[in-house]
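# Results of the structural survey
Chain by chain, the residues run as shown.
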Amino acid sequence: MKTDFKLLVNGKLIDGVSTFDVINPATEEAFAQCPRADEALLNQAVAAAKAAFPAWSALTADERGAYINRLADAIEARIDEFARLLTAEQGKPLDQATYEIGGSIYTLRAFAAMRLPDQTLRDENGNTVIEHRTPLGVCASITPWNFPVILLANKIGPCLIAGNTMVSKPAPTTPLTTLLLGEVAAGILPPGVFNVVCDQNELGPLITGHPDIAKVAFTGSTATGKKVMASAAEGIKRVTLELGGNDAAIVLDDVPAKIAAQKVYAGAMANAGQICVAIKRAYVPEAMYDEFCTEIAGLAEAAVVDDGSKQGSTIGPIQNRMQYEKVRDLIEDAKTRGRVIAGGEMPDRKGYFIPPTVVADLDEDAPLVREEQFGPVLPVLKYADIDDVIARANDSPYGLGGTVWGMDQQRALDVARRIDAGTVWVNQHLAIDPNIPFRGSKQSGLGSEHGLAGLMEYTQAHVINAVPLAAEPA
């Protein structure tokens, strides 16, 4: 496996001012060194992106799209290398890592094909009103550790196709796949169009406050998102914030318990629950509650929790020690408040492993219900009245996603319309498509990713309002 990594600044692969360890969460051991940038290197990266902007933005969208497609092709040619590196630094099973890289390639190609033509808003009696869009300039992406590649692709695609340039900062616990992407990009994109700097969380405020950065695209916690927004306010920077969630799944009373349990389990435990839109709490009718609990507990007990590089593993480790300890503490608290029906005990082994854990009979005010656990732990709650459960699902500062499960699709749709979340899926989960806008409500985010709405986030709208000039003075 590759162990020599470089920063990307102005088309050149360079060393940092120092290095830091990257830990494999399955072993708790360092397996590579990451170069670290300082303020001077960050300023060089921003200056390079600023210098590259005029020529890049002057290209046609078709020309920029061709570059992005070449980047996608080059990543695909090394998909196995990317996937193995992703498993090593993030922990997810290799098949899930391969799926993430494949999704990243698809996302880049989807944005490469998107266009934002001028919109004619009025054309009558000689009055022509046109809205056209222009790129913003230098954009910064700050990405998290749960999906380090595809969440970066979500930002590279719209940023570059719109004509902007980018400086990217990955999470310090999962920087290597971003650096590998930078290495691939160095041989394809013009110098300065895409730059990668790494840190140990000290460069964030310098990025969000930098006078030459026009937009910040951030994915991460709500607490950090608030800091990004506050810092960006000084320069009225554009921001896209994709933040935390406490996504509720509502199971309606016409769904067989076994089917519901399978669907909810898959939506809650994928990537060891480390997904912003994972199912974080499940609401089940009283009449099927016991049967549902039995079914989902069986699924949790059958999971294979192991190093993601080992064949057959279905649940990898939590990505880092800090998150591991948070999830472990939530489980210990839940034991005193509810009934653990699966998992709940930490294995005596190296690695940040937490078995899929299901907790029944919790109250709404339990921390595991109120907070975003971001791990393989699911509270199952019962309800008797549909209006009551909708109110309970909406009683949260978060509003990222949610799901409704029902055999009567129209009834499920009617319930979904009443859920206060940016995306509510019916009879499916995690159906994220780069062609469909994705956004949060309340404290789960600001702005859109994906779709034309996400592309527009990287542009400035201009309205031109024209009328004919009379040949003779009035």
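Below: a short report on this structure. (Residues numbered from 1 in each chain as written. Predicted model: local features only at pLDDT ≥ 70, side-chain atom pairs only at ≥ 80, totals over all residues. Heavy atoms only, no water.)

## Observations regarding the overall build of the protein
Secondary structure summary: the protein contains 15 helices and 24 strands in total. On C-alpha atoms alone, the protein measures out to a radius of gyration of 24 Å, which is about the 23 Å that the 2.2 N^0.38 rule sets for 474 residues. Taken over the C-alpha atoms alone, the protein extends approximately 80 × 60 × 40 Å along its principal axes. Intrachain contacts of the protein at a sequence separation of at least 6 include 73% that bridge at least 24 residues. Mean positive and mean negative side-chain charge positions of the protein (42 and 59 charges, respectively) differ by 3 Å. (Helix = DSSP H or I, 4+ residues; strand = E, 2+ residues; numbered from the N terminus. Rg over C-alpha atoms; globule rule 2.2 N^0.38 Å. Contact = heavy atoms within 4.5 Å. Lys, Arg positive; Asp, Glu negative; His and termini not counted. Charge placed at Lys NZ, Arg CZ, Asp CG, Glu CD.)

## Regarding the packing of helix α2 (residues 61–77) against helix α6 (residues 176–186)
With their axes 10 Å apart at the nearest point, α2 and α6 run at an angle of 125° to one another. Between α2 and α6, the angle falls in the class oblique. The crossing of α2 and α6 is right-handed. Across from Leu71, Ala74 and Ile75 in α2, the residues of α6 making contact are Leu181, Val184 and Ala185. Along the lines of polarity and charge, the residues of the contact of α2 with α6 split into six nonpolar, no polar and no charged. (Axes fitted to C-alpha atoms, helices over the stretch in contact; angles between N-to-C directions. Parallel < 35°, antiparallel > 145°, perpendicular 65-115°, else oblique. Left-handed = near helix turned anticlockwise from the far one by under 90°. Nonpolar A, V, L, I, M, F, W, Y, C, P; charged D, E, K, R; others polar.)

## Overview of the nonpolar core
If you look at the biggest cluster of nonpolar residues, it comprises 72 residues, and the most contacted ones within it are Ile75 and Phe194. No other element matches the seven residues that helix α1 (residues 39–58) contributes to this core. In contact with Phe194, not counting residues within four places along its chain, are Leu8, Leu152, Ile156, Met166, Ser168, Leu181, Gly182, Ala185 and Leu189. (Core = buried A, V, L, I, M, F, W, Y, C linked by side-chain atoms within 4.5 Å. Buried < 20%, exposed > 50% of the residue type's maximum accessible area, 1.4 Å probe, protein only.)

## Remarks on the state of the cysteines
Cysteine pairs can be linked by a disulfide, which is a covalent bond between their two sulfur atoms. For the structure on display, the rule yields zero disulfides. Cys159 forms no disulfide, and the closest cysteine sulfur to it belongs to Cys139, at a distance of 4.1 Å. Note on Cys159: relative accessible area 0%, which makes it buried. Left without a disulfide partner, Cys198 is nearest to the cysteine sulfur of Cys34, which lies 3.8 Å away. (Disulfide = S-S within 2.5 Å.)

## Here's the deal with the sheet that holds strand β24 (residues 459–466)
Strand order across the open sheet formed by three strands is β5-β6-β24, with antiparallel pairing between neighbours. Either end of the sheet is taken by a strand with one partner, and the two such strands are β5 (119–124) and β24. Looking at each pair of strands side by side, their axes are set apart by 15° on average, direction ignored. As judged from the eight bridges shared by strand β6 (residues 127–135) and β24, these two strands associate in the antiparallel manner. Following the sheet pairing, Glu131 is matched in β24 by Val463. (Pairing = 2+ DSSP bridges.)

## Focus on the pattern of salt bridges
Close approach of charged atoms allows side chains with opposite charge to pair. Taken as a whole and assessed by the stated rule, the structure comprises 29 salt bridges. Notably, a salt bridge pairs Asp73 with Arg109, separated by 2.7 Å at the nearest N-O pair. On the criterion of sequence distance, the pair formed by Asp73 in helix α2 and Arg109 in helix α4 (residues 94–112) is long-range, its members being 36 residues apart. Look at Arg109 and you get partly exposed, because its relative accessible area is 29%. Across the pair Asp395 and Arg370 runs a salt bridge whose closest N-O atoms are separated by 3.5 Å. Of this pair, Asp395 sits in the loop between α13 (386–394) and β17 (398–399) while Arg370 is found in helix α12 (residues 367–370), placing the two residues 25 residues apart along the sequence. (Salt bridge = Lys/Arg side-chain N within 4 Å of Asp/Glu carboxyl O.)

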